[in-house]
Amino acid sequence: MSKFDSASLKKQLFLDVGNTAVKAVYKEGMAWKKVDAHSAQTGKQLILWIENHRDDFSEIVLAGVRTEVQQALVGELQQADFNIKTVTNKDIPRDLLDYETPDTLGIDRFLACYGATFQTKEAVVVIDAGTATTIDYMGRDKIFRGGVIAPGLTAFTELLPKHAPALPNVEVEIPQSWPGKSTIHSLQWGQAGFYKFALQAMLNEYEKEFGQFDLFITGGNRQTIQQLLSMDSKLRPYLIFEGLEKLI
Ligand SMILES: Nc1ncnc2c1ncn2[C@@H]1O[C@H](COP(=O)(O)OP(=O)(O)O)[C@@H](O)[C@H]1O
Ligand SMILES: CC(C)(COP(=O)(O)O)[C@@H](O)C(=O)NCCC(=O)O
Ligand SMILES: [K+]
């Protein structure tokens, strides 16, 4: 096999620098593979993993919302002689952004919506349930129309235990009956219930404003959010990467 052939068989490694974690994934055939969360929990462990798998990848494609973390990662990887492509808001065609502050838009929000539009003929709403929960809209024209940045589910449910530590901790689930008749159930209505009703209200606003859409859910808390919503939705853990792959 020629040098060219073996190089062209090598893969891209995709990195998403979020507020809580750096996610690293690559494709095996059609399937996304996630770099073991444990080995990727800190930048150092991730860099070590990448160095140990140097021969598997021709290029590292990176996007994120934490500039300093990203710069540190890029610095280390460049020192180790990796080929790096950093994708930023400047790589998004301006006519796809109906947003008044395109320079401060979190690229993860655009990428997740963009990725979703390739999986349906409808307009999309994407809930990205990470450190923040974002609820964003993209039309069939692939124009990002903006959305909502809310406290993530974990941040939200940690609020009361922090400010009223005498209250018990409760599971994030909706009680059987309304209204709450115990401390636990009252708290659950105020946590899972609050979150569910807020999300549903946002989704209703989208329907009123733009009409029909398909709902996609991604991010670390995606399963809990899907359970809370009790409506039709598609769970897509790799949406940001799917958008990234289409954009580059
Ligand atoms: N296995 C997990 N690892 C990290 N965070 C997780 C995990 N499962 C659920 N979470 C929750 O998901 C959120 C992080 O989501 P994620 O989409 O990875 O964040 P970000 O993109 O903001 O870095 C946190 O609120 C965390 O509590
Ligand atoms: C809203 C976010 C913090 C979400 O980040 P995440 O929860 O995925 O870590 C991120 O998209 C961001 O930093 N946005 C900048 C503000 C904006 O989108 O307008
Ligand atoms: K998010």
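Residues numbered from 1 in each chain as written. Chains lettered and ligands numbered in written order. Predicted model: local features only at pLDDT ≥ 70, side-chain atom pairs only at ≥ 80, totals over all residues.

Moving on: the UniProt feature "binding site: ATP" (unreviewed entry) in the protein. With numbering aligned to this structure, UniProt lists the feature "binding site: ATP" (unreviewed entry) at Asp16, Val17, Gly18, Asn19, Thr20, Ala21, Val22, Lys23 and Thr131. These residues run over 116 residues, yet every pair of their C-alpha atoms falls within 13.4 Å of each other. Looking at the secondary structure, you find Asp16 in strand S1 (residues 11–17). Look at Asp16 and you get buried, because 23 C-beta atoms sit within 10 Å. Contact partners of Asp16, with chain neighbours within four places excluded, come to Lys23, Ala63, Gly64, Asp108, Ile240 and Phe241. (UniProt positions renumbered as here; feature names shortened; annotations may be inferred. Helix = DSSP H or I, 4+ residues; strand = E, 2+ residues; numbered from the N terminus. Buried ≥ 20, exposed ≤ 12 C-beta atoms within 10 Å, placed from the backbone. Contact = placed C-beta atoms within 7 Å.)

Neighbouring ligand 1 are 12 residues; Gly18, Gly130, Thr131, Thr154 and Gly220 lie closest to it. Shared between two domains, the shell around ligand 1 takes at least three residues from each, and those domains are domain 1 (3–86) and domain 2 (90–247). (Near = placed C-beta within 6 Å. Domains from an automatic or database assignment.)

Moving on, we get to the site of ligand 2. As a structural note, the neighbourhood of ligand 2 is formed by 15 residues, with Asn19, Gly106, Gly130, Thr131 and Ala132 the closest of them. Secondary structure elements with two or more residues in the shell around ligand 2: helix H4 (107–117) and strand S7 (132–138). Residues of the shell around ligand 2, tallied by class, amount to 4 nonpolar, 8 polar and 3 charged. In terms of domain composition, the shell around ligand 2 takes at least three residues from each of domain 1 (3–86) and domain 2 (90–247). (Nonpolar A, V, L, I, M, F, W, Y, C, P; charged D, E, K, R; others polar.)

Membership of the largest hydrophobic core comes to 51 residues, with the highest contact counts inside it found for Leu15, Leu111, Cys113, Val124, Val125 and Val126. Looking at this core, the element that brings in the most residues is H4, giving 7 residues. Per-domain counts for this core show at least three residues from each of domain 1 (3–86) and domain 2 (90–247). Beyond its immediate sequence surroundings of up to four residues, Val125 is in contact with Ile135, Asp136, Tyr137, Leu203, Tyr206, Phe213 and Leu215. (Core = buried A, V, L, I, M, F, W, Y, C linked by C-beta atoms within 7 Å.)

Right, let's talk about the sheet that holds strand S4 (residues 57–64) for a bit. Strand order in the open sheet formed by 5 strands is S3-S2-S1-S4-S5, with mixed pairing between adjacent strands. At either margin of the open sheet sits one strand with a lone partner, and together these are strand S3 (31–34) and strand S5 (84–86). Sheet twist, expressed as the mean angle between neighbouring strand axes with direction ignored, is 25 degrees. Note: S1 against S4, 7 bridges, orientation parallel. Its bridge partner lying in S4, Val17 is registered against Gly64. Against the sheet, helix H9 (residues 239–247) makes contact with S1, strand S2 (22–28), S3 and S4, and its axis sits at roughly 125 degrees relative to S1, the strand it touches most. (Pairing = 2+ DSSP bridges. Axes fitted to C-alpha atoms, helices over the stretch in contact; angles between N-to-C directions.)

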